[in-house]
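# Report on the structure
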Amino acid sequence: MLLAFVVVSLFASVSLLSLSTAAQNTNSSTPQTTNLHQWGAVTLFHGLPSDRVRAIAQDANGAMWFGTDNGLARYDGRRTQSVAINGLAATGRVLALRFDEGGAMWVGTDAGAARLSNGEFRLLEETKGTAVTAILTRGAGRAWLTTARGQVLVCDAQADGRVNVRAMPSESLQSADVDAPGALALTSLAAAGDAGNDALYAGTSSRGLMSFEDGAAKEINSRPRAYFIEALERDARGVLWLGARARAGESGLYLAKDPAQPARVGEGLGTVTALRAGAGGDMWVGTAGRGVFHFRDSRLVERFTFAGTAGGLRSDQIYSINVDREGVVWFGTDRGVCRFDPRSPRNERVGEDAQSNFVRALYRTKGGALLCGTNRGLFVRDEGGANASSWRQVAELERQSVYAIAEDAAGRLLVGASGGLHVNVNLQSRPPSVEKPTEPREVDETTDGAGATPPQAEESDATDDANAKPRQGATPERDAASERAKTAKVEKKSVERAPVGLTVRSIRVFQGATYLATFGRGVERLDGERRTLVWPTGDADAALREVTTLNAEEGRAGKSPRLWIGTTRAGLYLLENSVVKAAGGELDKLKGSAIRAIDGAEERGLWFGTTGGLYLFDKGALVEMASGVEVRAVVAGVADGSPHAWCATAGGGLLRAALVEGVGRIVSRLDAEQGLASANAFAL
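## Quick look at unusual backbone geometry
- Between Met168 and Pro169 the backbone carries a cis peptide bond, its omega angle lying at -10°.
- Its place among the elements puts Pro169 in the loop between β15 (163-168) and β16 (186-191).
- Here the residue pair Arg223 and Pro224 is connected by a cis peptide bond, since its omega of -5° sits within 30 degrees of zero.
- Non-glycine residue Asn118 carries a positive phi angle of around 55°.
- Along the chain, Asn118 turns up in the loop between β10 (112-117) and β11 (120-124).
- Of the residues examined, Asn118 reaches a relative accessible area of 82% and is grouped as exposed.

Here it is as structure tokens:
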């Protein structure tokens, strides 16, 4: 399955790419870059009989049907075909389309209605010469139709294909518009909850919202009240939305948990012409000249316009909207059909300059905020706040390159940057609160907790001296107990202070403690505000200090918890039972490349991203999954029982790899052809 939310950072580009909700946000002060790979179009050029598209529906086979000002068309993803409706003018306007649960399509035109079943159209004689403006279906073979003559038609299909049609009310309703007297034009339909099969709401042109039940019509005197309603729709939670005419600068969108007390939603939408519910609380709103607005739980999420999407949305005049089974949104406009895929890659700018958009780290906090570490600081995008989808720079880290972000067991936000480690970073306040330099402190190396003895390299000799390196397999707890039993005086020494300016490349919480990969120093443990060097110690080879990445693997049956350590030149190491040792065995094959990323766990697949390629350690064997690419970040998972991973590469775009039993390696690529703004990706 596709990850619910995947973001990759981009080198030498001005974009952040997302595979989830997309587009331009009206609240954002940062310009957004639209990715035209999200957009498509079906127009006269592609075979549409007219560019004015009034209705859209999808059949059981996935084909799209379009009702245009010049007849009906079917689009199967490759070609567009005009479809004649028996008994109706081939070039008439198609105003409404809807499929019922039995797979039959009901068609409303300006000259009547028809039903398509088993490849055959059957004209509804009772509608001949009448404009059918909206259709609602429930179950198989049942539909309700609104007409421009002030009636709702209840239609029931019989086994022989005939359709029984009953009008309610029996007499046509009359318009309240002195400029357009006569029959009341009904414009839209929505089910009235659990009031019964025949209970529904209808939008009208001059008398606002009306209810229909047991053959009777009733005007709803709401406050506020919209008299000219263009669209009705219930969202996934059953809440009724109304689209109405409105002056420029006002909003014609209403949300009505109680139809008698609707609430106006949004600002500056003008006249709302089309509504369509998406997943959850999503509502897509089409307007007359203002483009498309996307709301979620009554909050504006994003807006599309012709200019704001660089022409992806071909027109700001929207007649109809449909959300297909894959979540793709189709807009009927006066310039053809526009197709928008929210899950397709899109590019999103974080800051105003290129260095602010060179993304090195991404992190989702426990509170839900998305953090982005760049070459020019840390940015936050709180999707649940008032400024959703806008990026705000954190003053504390301005102009620093951010490489690692994490939260420790105490909930403190830790950021590893070119200027060192920043502890308890405040995302809300603007004034900087840079971490004070760590001061040397006296540490009892034989006690647990903050003063616990740091694990040492496996090659160390063992003695019983309190100042000596612990024996292989020894633990701080055992040594402390031994010393306490002897009631010997414990010698103390100062903890070495971390040099200022060393870059923290990776941060991991392991067994309740926080470990840092500090390039040029090694692996450190953070205790409160004190940093203690764990490995390597003494005059170790400089290559051992070039630590780039860490991965914490919790213990499992018969196995101890392990902290994996990746280096640029010395290969792979692991910390287990307070001892650091070379990984050895099959994993020695990784020594020839710098290890940039580690993710997963050995029992479900451990992934290694290196400068020489992507590797999977599975069932004791090291499998080369992708060669010739430099992997910078890896996110591991399991799909259908097989280990899989997404990885960001320098020059190779975004890869997804899986090892499937009986099939072998499967690798797919996402690059510029699918909308990635750069082939150089650094974070996931």
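## Let's talk about the environment of Asn577
- Within the secondary structure layout, Asn577 lies in the loop between β48 (572-576) and β49 (579-582).
- On the basis of relative accessibility, which here comes to 44%, the residue Asn577 falls in the partly exposed class.
- Distance from Asn577 to Arg562, taken between C-alpha atoms, is 7.8 Å for residues 15 residues apart in sequence.
- At a separation of 3.3 Å, a polar atom in the side chain of Asn577 contacts the side chain of Ser560.

## Comments concerning the nonpolar core
- By size, the foremost hydrophobic cluster in this structure holds 17 residues, and its most contacted members are Tyr515, Val523, Trp535, Val547, Leu550, Ile565 and Tyr573.
- Contributing elements (two or more residues each) for this core: β43 (513-518), β45 (530-535), β46 (547-553), β47 (562-567) and β48.
- With three residues, β43 is the largest single contributor of residues to this core.
- Not counting residues within four places of it along the chain, the set of residues in contact with Tyr573 comprises Trp535, Leu544, Leu563, Trp564, Ile565, Thr567, Val580, Lys581, Ala582 and Ala583.
- Counting residues in each nonpolar core, the second largest holds 15 residues, with Leu72, Ile85, Val94 and Met105 among its members.

## Considering the packing of aromatic side chains
- Under the counting rule described, the total for this entry stands at 15 aromatic pairs.
- Joined through ring pairs, the aromatic side chains of Trp39, Trp284, Phe304, Phe331 and Phe340 make up one cluster.
- The ring of Tyr319 is capped by Arg54, whose NZ or CZ atom sits 4.1 Å from the centre of that ring.
- The ring of Tyr403 carries Arg505 above its face, with NZ or CZ at 4.6 Å from the centroid.

## Topic: the side chain of Ser320
- By secondary structure assignment, the location of Ser320 is in strand β28 (residues 318-323).
- Look at Ser320 and you get buried, because its relative accessible area is 6%.
- Residues within four places of Ser320 in sequence aside, it is in contact with Val53, Arg54, Ala55, Ile56, Ala274, Trp330, Phe331 and Gly332.

## Observations regarding the pattern of salt bridges
- The tally for this structure, following the rule as stated, stands at 28 salt bridges.
- With a closest N to O distance of 3.5 Å, Glu233 and Arg276 form a salt bridge. Of this pair, Glu233 sits in strand β20 (residues 229-234) while Arg276 sits in strand β24 (residues 272-277), and the two are 43 residues apart along the sequence. Take Glu233 and Arg276: they sit in the same class, and that class is buried.

## Overview of the sheet that holds β24
- Spatially, the four strands line up as an open sheet ordered β24-β25-β26-β27, and their pairing is antiparallel. Each end of this open sheet is capped by a strand with a single partner; those strands are β24 and β27 (299-304). When strand polarity is set aside, the average angle formed by the axes of neighbouring strands in this sheet is 20°.
- Note: strand β25 (residues 282-287) against strand β26 (residues 292-296), five bridges, orientation antiparallel. Each residue of the ladder has a partner; that of Trp284, found in β26, is His294.

Analysis parameters
Residues numbered from 1 in each chain as written. Predicted model: local features only at pLDDT ≥ 70, side-chain atom pairs only at ≥ 80, totals over all residues. Heavy atoms only, no water. Helix = DSSP H or I, 4+ residues; strand = E, 2+ residues; numbered from the N terminus. Buried < 20%, exposed > 50% of the residue type's maximum accessible area, 1.4 Å probe, protein only. Polar contact = N/O pair within 3.5 Å; in protein donor to acceptor, adjacent residues only side chain to side chain. Core = buried A, V, L, I, M, F, W, Y, C linked by side-chain atoms within 4.5 Å. Contact = heavy atoms within 4.5 Å. Phe/Tyr/Trp six-rings, centres within 6.5 Å; stacked < 30°, edge-to-face > 60°. Lys NZ or Arg CZ within 6 Å of the ring centre and 35° of its normal. Salt bridge = Lys/Arg side-chain N within 4 Å of Asp/Glu carboxyl O. Pairing = 2+ DSSP bridges. Axes fitted to C-alpha atoms, helices over the stretch in contact; angles between N-to-C directions.

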